[in-house]
Amino acid sequence: MRRFRMALLAAFGAATIATSASGETTLLNVSYDPTRELYRQFNEAFAEHWQEKTGKTVTIRMSHGGSGSQARSVIDGLEADVVTLALEADINAIAEATGKIPADWRGRLANNSAPYTSTIVFLVRQGNPKNVQDWDDLARDDVQVITPNPNTSGGARWNFLAAWAWAQKQFAGDEEKIRAYVGSLYRNVPVLDTGARGSTTTFVQRGIGDVLLSWENEAFLALEELGPEQFEIVVPSVSILAEPPVALVEGNAERKGTTAVAQAYLEFLYTRPGQTLAARHYYRPFKPELADPADLERFPDLELVTIDDFGGWVEAQPHFFGDGGVFDQIYKPASRS
Amino acid sequence: MSDAIFMRFRQPSVLPGFGLTLGFTLAYLSGIVLIPLAALILKSAGLGWADIWRIATDARTLAALRLSFGASFIAASINAVFGLLLAWVLVRYSFPGRRLVDAMIDLPFALPTAVAGIALTALYAPNGWIGQLLAPLGLKVAYTPIGIVIALTFISLPFIVRTVEPVLRDLDREIEEAAATLGASRGQTLLRVLLPSLMPAILTGYALALARSIGEYGSVIFIAGNIPYVSEIAPLLIVIRLEEFNYAGATAIAALMLAISFTMLLVINLIQTWNRRRFGHGS
């Protein structure tokens, strides 16, 4: 309901924008939750850049929310010029349902249309009282894990796949053992929030759980805001390369006549200012050579698998997270005993 | 001919304008209630009966429905008892701050449900004010089905109080006095005189509270824990299906909830009619 209201609000906002101000261009960037801070600064930088280059003013409006529900808002008619979401699958859904994004959108921009990437790390309480070091610790009986529901949260799907990737390596691809491990991990989850921010609140404010599975950028943000005296980051041996993609919603942009500026907006993400800001906000830039080396030093080295190891989202999404998929089976009462 | 049919429905009334008001009622009901419901049923009709049956008998759907309806029943029942008590106190006694208490009853209506959910979770979480007192007793409230009942009790409280209050106020005190002079004990007065008169109002409030609780989403997801088969409510399952872009599956569960709710409200209405006939109140 809350998200729906937000979407409705955004839709109203977009409608009023479209009718007002013919002299200045307005872009609507529909994004997911943890990009708030990044795009606030990036939008300012781009508006300045556009003013210098063309002499025109551009205003960028943002809409934030869970990645999946944001995609649904765009499908249902939210007039986004660009989408910057957490999952390729969400953009695919818009492309399939509306045709406003070309099917080959992933090849339109460099690095599979992911100007910045991130990964999944552990956030633990100060001193790491449960001594959590790697993925196998998360299946221990005395450890409680906080992660959102992969059915409703894009970030949670990366968490799930990261755990799966580690188990695949550990058990040499023995499917039964992998399922058993992931099953015992999720049975250690006392609260299955619907979104990543909800999980962070449960872990940080309510004091529930020993480990929070979190986007790397969210974990750094939590440390920055709450102070390193409360939490610390534990980097597992293996994780997944999370690629939050961006795309131009051609159908909307063409109708509003904003194609050129929207395209420039996305391309600006790949330039020095864009990459620098991404790194400053704890996203791993696609072109590290363009970012500030001091920012880059904060990112630990670890082995990263990619979504292509799972056959890409087109295969992974229905197999793992579809109705009756692997995740749903974990909670089947028969497998609980 | 059509006039004759029209006349058949026509109840004798001293007020003019029956045609106009009936037309308005139908148009309004269609616009506000029927059209959205028809869209819902149309959307789920895209599935075959076999698919709907599969979704309806899916263990996870059943668990979610059982939890949603069970918790709503408990919450509405709690409120039927304590809401009645509150209404009684507010109507029959005068004490300093009564108006303040009276106004407070409506707060759950005014508060955005998400805020209510977050506030209750903060209170009942193991590190919250109430939660930390309960934790040593081994009692967990937040992130369990008990938490869901508490949230639902909170949001549906005003319904019973507000429906019972005016009826109670209109009830003549003389009736109780008459019962007493005729030799009724206090218990008898309550059971044989007061409750029958209040029953229609209590049932109406009960039905409203129940309906409100079954559909509640905002406050519950914060306090529920949302674990499939344990603390996952049906409205959340609908949202989950939507997030999978599975519109048909979502509408199937929604239609199912609607059918159950409608049957329950119908039964409550029938009980009310029966009750009215039995005690001879109303027409």
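Note that the structure is a prediction, hence the values are computed from the model and not measured.

Reading guide: rules and limits
Residues numbered from 1 in each chain as written. Chains lettered and ligands numbered in written order. Predicted model: local features only at pLDDT ≥ 70, side-chain atom pairs only at ≥ 80, totals over all residues. Helix = DSSP H or I, 4+ residues; strand = E, 2+ residues; numbered from the N terminus. Rg over C-alpha atoms; globule rule 2.2 N^0.38 Å. Buried ≥ 20, exposed ≤ 12 C-beta atoms within 10 Å, placed from the backbone. Contact = placed C-beta atoms within 7 Å. Nonpolar A, V, L, I, M, F, W, Y, C, P; charged D, E, K, R; others polar. Domains from an automatic or database assignment. Axes fitted to C-alpha atoms, helices over the stretch in contact; angles between N-to-C directions. Parallel < 35°, antiparallel > 145°, perpendicular 65-115°, else oblique. Left-handed = near helix turned anticlockwise from the far one by under 90°.

## Thoughts on the overall build of chain A
Step number 1: Within chain A, the secondary structure is distributed over 15 helices and eleven strands.
Step number 2: For 337 residues, the compact-globule estimate of 2.2 N^0.38 gives 20 Å, and chain A sits close to it at 20 Å.
Step number 3: Taken along its principal axes, the extent of the C-alpha atoms in chain A is 65 × 45 × 35 Å.
Step number 4: Looking at chain A residue by residue over its 337 residues, the buried ones come to 50%.

## Focus on the interface of chain A and chain B
Step number 1: Each side of the interface is counted separately: chain A has 21 residues, and chain B has 24 residues.
Step number 2: Examining the composition of the side of chain A that touches chain B, we find that three residues originate from one element, helix α3 (residues 67-75) of chain A, more than from any other.
Step number 3: Split by residue class, the side of chain A that touches chain B holds eight nonpolar, eight polar and five charged.

## A closer look at the domain arrangement of chain A
All names here are of chain A.
Step number 1: Domain parsing of chain A yields domain 1 (2-114 + 243-270) and domain 2 (118-241 + 302-335).
Step number 2: Contributions of two or more residues to the side of domain 1 that touches domain 2 are made by α3 and α4 (88-98).
Step number 3: Among the elements that line the side of domain 1 that touches domain 2, the one with the most residues is α4, at four residues.
Step number 4: Its residues placed into classes, the side of domain 1 that touches domain 2 shows five nonpolar, four polar and four charged.

## So, the packing of helix α2 (residues 36-54) of chain A against helix α11 (residues 259-268) of chain A
Residue and element names in this part refer to chain A.
Step number 1: Between α2 and α11, whose axes approach to 11 Å, the crossing angle comes to 125°. Regarding the angle of α2 to α11, the classification is oblique. For the element pair α2 and α11, the recorded crossing hand is right-handed. Touching Phe46, His49 and Trp50 of α2 are Val261, Ala264, Tyr265 and Phe268, all from α11.
Step number 2: Taken together, the residues of the contact of α2 with α11 break down into six nonpolar, one polar and no charged.

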